[in-house]
Protein chains: 2
Amino acid sequence: TAVRMSMKQQSRNSHPYWASMQADIEAHIKQFITIKEPLVVFEPMHHLIINAPKTTLPALCVAACELVGGERHEAISAASALLIMEAATYTHEHLPLTDRPKPEFGMNHVYGPNVELLTGDGIVPFGFELLARSDGGENSERILRVMVEISRAVGSRGVIEAQYRKAMGSRSDGEEMCHVEEIRRVVEKYEGGLHSCGAVCGGVLGGGSEEEIEKLRKIGSYVGMIQGMVQRGFSGSKEVDEARNLAIKELEFFKDKEVDAIKTFLNV
Amino acid sequence: TAVRMSMKQQSRNSHPYWASMQADIEAHIKQFITIKEPLVVFEPMHHLIINAPKTTLPALCVAACELVGGERHEAISAASALLIMEAATYTHEHLPLTDRPKPEFGMNHVYGPNVELLTGDGIVPFGFELLARSDGGENSERILRVMVEISRAVGSRGVIEAQYRKAMGSRSDGEEMCHVEEIRRVVEKYEGGLHSCGAVCGGVLGGGSEEEIEKLRKIGSYVGMIQGMVQRGFSGSKEVDEARNLAIKELEFFKDKEVDAIKTFLNV
């Protein structure tokens, strides 16, 4: 079945647990991006980070950290970096390029394309900087490991590959004619890859064992599949059901732990 | 005096010392960026990194490392990351956006704007990944420090700010009407900031003292001023002379060391 969907960002249902974490993460970011000179640079950067659509990714990172016995503050910088990377991606996805379909209806651009391009480019190093600076000196190996994970997830085998696929599947009128299977493949790479990374980062920073971290990699991927498909209007689909069942199976590994927070991401 | 200059990339004079380092750095990068699946992503990435205009920045990083007694291999990943970041910047600077001046004459785009945008976005995390993975386990604090330096130099207080200034100074016919003073300010932020960062990274990775690193920060900034002004056709200007004299003064601090390599960057 072909499904006609709009590119327009859909709002997500929010869970109180995510909202509380999102608030913590945003407060953490705001400490680092005070609006300072040069205003012409920092004002759009602040705006584009804070106004990017919220996703479950940063909260999942913190939840994974807590699941393996870590504390929230240990994952907050990685969660912030993930939120920042998503904001940069979102900004560049909506740039009006000369070879792109017409801007989608309802998309409100506060800044010109040139400023949005530059700001997106400035946001990514800011995310890496925030993460690199989060080390007090005793944790640097874990942070480097997290950096490799994030670089890969937002890079050429992750988000960028998913964007290529999406760009190649999009039509010139700004809408997409997609098969569920094509959507599933994009979601697997995109939200799947990012959430997998988010869960791994939380596990690494929370001091999880290698076995726990590999379980989290799978669970994160399923969470991304669920959230990505739900966001695209496929909440009752078999893809979502399958991902949820697989995630629940992997979660059995953590049966002695507090799994309620992670379960909220499975929409159960 | 107003100077009319073309944006077209000018070729730089090359020095045998730089050419030898450049070859080492490119060989190092090629180990990491083999052309692999997905080809649609890696092929343009490979092309855009390898074909970006060469600058003195990566070689300066290695020279600074050697100046403080480090070995070339200790700085090679940071030098590679710097080359990669410059390639990403160059790619995005030449994107045909709807609000940009017409593409400059003679600029040969192998890929469409969408692919160049995505590839540029993919190149930056690749640079951070290459750097994060370069640690064998004993050097992670130095690498995190270098990451903070690079993030800042390529981010909102460095290259991005310089690009804003440049964008605001450019005219709609794709050429620039600039005063030397305006050019000097852009070069100070842009090439000055990058070379300052490159020299610091080399100093940190080569195990330099804090005093040596701060001297290198200044020297790098002067090198960037010289190279940036020379590249823009101001090789005999008083700005270049001043920067060279200041650099030579700072270099006296290293009078017991082997300073010939660093001197090649002063065009003396």
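Up top is the structure.
Notes on the structure in this doc start here. Here the structure is a predicted model, which means the values were calculated and not measured.

Structural notes on the overall build of chain A
Looking only at helices and strands, chain A has 11 helices and 2 strands in total. The order of helices and strands in chain A, counted from the N terminus, is β-α-α-α-α-α-α-α-β-α-α-α-α. Counting over 268 residues, chain A shows a buried share of 58%. Sequence-distant contacts, at least 24 apart, represent 77% of the contacts inside chain A between residues at least 6 apart. Per element, the accessible surface of chain A, about 11300 Å² overall, is 50% carbon and sulfur.

A look at the interface of chain B and chain A
At the junction of the two partners, chain B supplies 50 residues and chain A supplies 50 residues. A per-residue breakdown of the area chain B buries against chain A is headed by B:Leu118, B:Leu144 and B:Tyr164, which together make up 16% of the total. At the boundary of chain B with chain A, the tally comes to 2 salt bridges. Close ionic contact of A:Glu129 with B:Arg152 constitutes a salt bridge, the shortest N to O distance being 2.8 Å.

A short note on the nonpolar core
Counting residues in hydrophobic clusters, the biggest one holds 169 residues, and the most contacted among them are A:Ile49, A:Ile150, B:Ile49 and B:Ile150. Not counting residues up to four positions away in its chain, the partners in contact with A:Ile150 are A:Ala78, A:Ala81, A:Leu82, A:Met85, A:Leu131, A:Cys197 and A:Cys201. Membership of the second largest hydrophobic core comes to 6 residues, among which are A:Leu95, A:Leu117, B:Leu95 and B:Leu117.

Topic: the relation of the copies chain B and chain A
In the superposition of chain B on chain A (RMSD 0.0 Å, axial shift 0.0 Å), the rotation amounts to 180°. The symmetry that links the two subunits is that of a two-fold axis. Every residue of chain B has its C-alpha some distance from the rotation axis, and the shortest such distance is that of B:Leu97, at 2.5 Å. A high fraction, 100%, of the interface residues of chain B reappear at the interface in chain A, so the copies pair face to face through one surface.

As for the environment of B:Ser156
Among the secondary structure elements, B:Ser156 is positioned in the loop between α6 (140-154) and α7 (159-169). With residues near it in sequence (within four places) discarded, B:Ser156 still touches A:Pro38, A:Val41, A:Phe42, A:Met45, A:Gly122 and B:Glu161.

Side note on empty space enclosed by the protein
Applying the stated criterion across every chain yields a total of 3 cavities of 30 Å³ or more. Roughly 170 Å³ of volume is contained in the largest cavity. Around the largest cavity sit 16 residues that line it, and A:Asp121, B:Ala88, B:Thr89, B:Val124 and B:Val154 are the ones nearest its centre. Residue composition of the lining of the largest cavity, grouped by class: 9 nonpolar, 5 polar and 2 charged. Counted as a void, the second largest cavity has a volume near 120 Å³. Lining of the second largest cavity is provided by A:Met85, A:Ala88, A:Thr89, A:His92, A:Val124, A:Val154, A:Val159, A:Ile160, A:Gln163, B:Asp121 and B:Pro125. Elements that contribute at least two residues to the lining of the second largest cavity include exactly α4 (72-93) and α7 (159-169) of chain A together with α5 (113-132) of chain B. Of all the elements, α4(A) adds the most residues to the lining of the second largest cavity, at 4 residues.

Re the packing of helix α3 (residues 57-67) of chain A against helix α8 (residues 180-205) of chain A
Residue and element names in this part refer to chain A. At a minimum axis separation of 7 Å, α3 and α8 run at an interaxial angle of 35°. The two elements α3 and α8 cross, and the hand of that crossing is right-handed. Touching Leu-57, Leu-60, Cys-61, Ala-64 and Cys-65 of α3 are Leu-194, His-195, Gly-198, Ala-199, Cys-201, Gly-202, Gly-203 and Leu-205, all from α8. Grouping the constituent residues of the contact of α3 with α8 by class yields 9 nonpolar, 4 polar and no charged.

Concerning the packing of aromatic side chains
Scanning the model with the defined rule gives 7 aromatic pairs over all chains in all. Relative to A:Phe265, the ring of A:Trp18 lies with its centre 5.3 Å away and its plane at 20°, an arrangement referred to as stacked. Taken together, the positions of A:Trp18 in helix α1 (residues 16-32) and A:Phe265 in the segment after α11 (260-263) put the pair 247 residues apart, joining distant regions of the chain. Here A:Trp18 falls in the buried class, since its relative accessible area comes to 10%. Looking at A:Phe265, the relative accessible area reads 0%, which means it is buried. Consider the rings of B:Tyr17 and B:Phe265, whose centres lie 6.5 Å apart with planes at 85°: the pair is edge-to-face. Linking B:Tyr17 in helix α1 (residues 16-32) with B:Phe265 in the segment after α11 (260-263), this pair joins segments that are 248 residues apart in sequence. Grouping residues by exposure puts B:Tyr17 and B:Phe265 together as buried. Cluster of aromatic residues (ring-pair linked, three or more members): A:Tyr17, A:Trp18 and A:Phe265.

A short note on the packing of helix α6 (residues 140-154) of chain A against α8(A)
All names here are of chain A. Closest axis-to-axis distance for the α6/α8 pair is 9 Å, and the angle between their directions is 180°. Comparing the axis directions of α6 and α8 gives the class roughly antiparallel. Residues Arg-142, Ile-143, Arg-145, Val-146, Glu-149, Ile-150, Ala-153 and Val-154 of α6 lie in contact with α8, whose contacting residues are Gly-193, Leu-194, Cys-197, Val-200, Cys-201, Val-204 and Leu-205. Grouping the constituent residues of the contact of α6 with α8 by class yields 11 nonpolar, 1 polar and 3 charged.

Quick notes on the rules
Residues numbered from 1 in each chain as written. Chains lettered and ligands numbered in written order. Predicted model: local features only at pLDDT ≥ 70, side-chain atom pairs only at ≥ 80, totals over all residues. Heavy atoms only, no water. Helix = DSSP H or I, 4+ residues; strand = E, 2+ residues; numbered from the N terminus. Buried < 20%, exposed > 50% of the residue type's maximum accessible area, 1.4 Å probe, protein only. Contact = heavy atoms within 4.5 Å. Areas by Shrake-Rupley, 256 points an atom, 1.4 Å probe, with all protein chains shown as cover. Buried area = accessible area lost by both parts, 1.4 Å probe. Salt bridge = Lys/Arg side-chain N within 4 Å of Asp/Glu carboxyl O. Core = buried A, V, L, I, M, F, W, Y, C linked by side-chain atoms within 4.5 Å. Least-squares fit on C-alpha atoms with pLDDT ≥ 70 in both. 1 Å grid on protein atoms, 1.4 Å probe; cavity = no way out; pocket = protein on both sides within 12 Å on 5 of 7 lines; lining within 4 Å. Points joined across faces, edges and corners; volume = space filled by probe spheres on them. Nonpolar A, V, L, I, M, F, W, Y, C, P; charged D, E, K, R; others polar. Axes fitted to C-alpha atoms, helices over the stretch in contact; angles between N-to-C directions. Left-handed = near helix turned anticlockwise from the far one by under 90°. Phe/Tyr/Trp six-rings, centres within 6.5 Å; stacked < 30°, edge-to-face > 60°. Parallel < 35°, antiparallel > 145°, perpendicular 65-115°, else oblique.

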